[in-house]
Amino acid sequence: MRFRSILVLGLGLAAAACSGNVFDLSVGDCFDDPDDFSEVSSVEIVDCAEPHDNEVYHLFDLPDGDYPGSASVEASAVEGCLAAFDAFVGKDYAESRLDITYFYPSPETWEGEDREVVCSLYDLNGTPMTDSRRGSGI
């Protein structure tokens, strides 16, 4: 599969982050790539009419319970993000030039009741986007 995943950094650091706090992202928010893709607590929010790297297209919560492990969380994130891609973009994921990335809970944020997966999309050719990809059919 061609998508990339991003682990959400602990709640303590995320709570201190600027307005680009990953816990505050909403569908339709656009943001630039973080400096480090391994663990993230905040991102730079950008107006979607300006050049940007990513657009949030879907949010969902994983089920409560004990932390199921990173592999299980990532598999659930991929499944949920892929399921919502076609409806948002208006084109089948396999045929699109867009790809997905997602923020998912770490064991530390899970302990703080974080269950949210944030699905976003980006252009595979690396070109910054300058508008929303909602219904674009790209």
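For the structure, check the block above.
The written sequence of each chain sets the order in which its residues are numbered from 1. Given that this is a predicted model, residues contribute local features only at a pLDDT of at least 70 and side-chain atom pairs are listed and counted only at 80 or more, while totals for whole chains, interfaces and linings are drawn from all residues. Side-chain numbers come from the whole structure's heavy atoms, not from hydrogens or water.

1. Some details on the nonpolar core
Here, nonpolar core refers to any group of buried Ala, Val, Leu, Ile, Met, Phe, Trp, Tyr and Cys residues whose side-chain atoms link them within 4.5 Å. The buried label goes to any residue with under 20% of its type's maximum accessible area, the exposed label to any with over 50%, and the partly exposed label to all in between, with areas taken from a 1.4 Å probe on protein chains only. Core analysis: the biggest nonpolar cluster contains 21 residues, and Tyr57, Cys81, Phe85, Tyr102, Val117 and Leu121 have the highest contact counts within it. By the criteria applied, helices consist of DSSP H or I runs no shorter than four residues and strands consist of E runs no shorter than two, each listed in order from the N terminus. Secondary-structure elements contributing two or more residues to this core are β5 (54-61), α2 (70-89), β6 (98-104) and β7 (116-123). The greatest single-element share of this core, amounting to eight residues, is contributed by α2. Each residue touching tyrosine 57, except ones within four places of it in the same chain, is listed here: Val27, Cys81, Leu82, Ala84, Phe85, Phe88, Ile100, Cys119, Ser120 and Leu121. With eight residues, the next largest nonpolar core counts Leu25, Phe31, Val43 and Val56 among its residues. When checking whether two residues touch, look at their non-hydrogen atoms; a contact exists if any pair is within 4.5 Å.

2. Re α2
Take the number of residues in a helix, subtract one, and multiply by 1.5 Å to get its expected span. When the terminal C-alpha atoms of α2 are compared, their 28 Å separation across 20 residues agrees well with the 28 Å that a helix rising 1.5 Å per residue should span. Val73, Ala77, Val78, Gly80, Cys81, Ala84, Phe85, Phe88 and Val89 are the residues of α2 that are buried. On its buried side, α2 packs onto β5, β6, α3 (107-111) and β7. Glycine 90 occupies a position one or two residues after α2 and carries a positive phi of about 85°.

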